[in-house]
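# Chains, contacts and geometry: an overview
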Amino acid sequence: MDAVLVVNADLGPLHRVTVQHAIRMLCRRVAEIHEAEPDRVIGVFPMPRVVRLVRYVVTRWRFSAGPAWSRAGVLRRDGRCCAYCGGPAGTIDHILPRSRGGRNTWRNTTAACYGCNQHKGDRTPAEAGMPLRREPAVPSWAALAGR
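An unreviewed UniProt entry lists the protein chain under the name HNH endonuclease, from Micromonospora reichwaldensis.

On to the overall build of the protein chain, then. Counting its regular elements, the protein chain contains six helices and six strands. Tracing the protein chain from N to C terminus, the helices and strands come up as β-β-α-β-β-α-α-β-β-α-α-α. A compact globule built from 147 residues would reach a C-alpha radius of gyration of about 15 Å, whereas the protein chain, at 19 Å, exceeds it by more than 25%. Put simply, of all contacts in the protein chain between residues at least 6 apart along the chain, 54% involve residues at least 24 apart. Of the accessible surface of the protein chain, which amounts to about 8800 Å², a share of 54% is contributed by carbon and sulfur atoms. When the 23 basic and 11 acidic side-chain charges of the protein chain are each reduced to a single mean position, those positions are 5 Å apart.

Moving on, we get to helix 1 (residues 19–27). Looking only at helix 1, the buried set comprises Val19, Ala22, Ile23, Met25 and Leu26. All buried residues of helix 1 fall inside an arc of 155 degrees around its axis, so they share one side. Of the exposed residues in helix 1, the ones pointing more than 90 degrees away from its buried face are Gln20 and Cys27. Elements that come into contact with the buried residues of helix 1 comprise strand 1 (4–7), strand 2 (13–17), strand 3 (31–42) and strand 4 (45–53).

Let us now look at the environment of Cys81. Position of Cys81 relative to the elements: it lies in the loop between helix 3 (71–77) and strand 5 (91–94). Non-local contacts of Cys81, meaning those with residues more than four positions away in its chain, are made with Gly86, Gly87, Ala89, Ala111 and Arg134.

Before going further, it helps to spend a moment on the pairing of strand 2. Side chains on a regular strand alternate between the two faces of the sheet. Relative to strand 2, strand 1 runs antiparallel, the two sharing four bridges. Bridging across to strand 2, Leu5 finds its partner in Arg16. Where strand 1 hands over to strand 2, the hairpin turn is made up of five residues, of which Leu11 adopts a positive phi near 70 degrees.

About the criteria used
- Residues numbered from 1 in each chain as written.
- Predicted model: local features only at pLDDT ≥ 70, side-chain atom pairs only at ≥ 80, totals over all residues.
- Heavy atoms only, no water.
- Helix = DSSP H or I, 4+ residues; strand = E, 2+ residues; numbered from the N terminus.
- Rg over C-alpha atoms; globule rule 2.2 N^0.38 Å.
- Contact = heavy atoms within 4.5 Å.
- Areas by Shrake-Rupley, 256 points an atom, 1.4 Å probe, with all protein chains shown as cover.
- Lys, Arg positive; Asp, Glu negative; His and termini not counted.
- Charge placed at Lys NZ, Arg CZ, Asp CG, Glu CD.
- Buried < 20%, exposed > 50% of the residue type's maximum accessible area, 1.4 Å probe, protein only.
- Arc of directions from axis to C-beta.
- Pairing = 2+ DSSP bridges.

Okay, here's the thing in structure tokens:
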């Protein structure tokens, strides 16, 4: 267990933190354990899986726009699975290459393995004869926090 999910007082997912950060939140009494690992403790606290904030944190800004684009977010959204061959992905690929005006956006990037990324090169998927297995979409906050 390397990350602990932090949920709001209304049980809406917010983000993930390290176990050490979660224990500090418990010590400061800003959060309480919502779900814990069975039979594992850290000091006086059970090993947390999910902590719930004691007070509600307003997150209205999260619903006005989706999460900001990031390489890590693209890999998480796609489950680290290549959009071309289905194998394990470690890189991202721009569907419309950056050299042709493609931007770093959720709908223009997808996870890809090194081999497929190199084979596609500076071409669109249609030009390279490499159809996408799934259409890229803008993820929700909950989708990125919940994995």
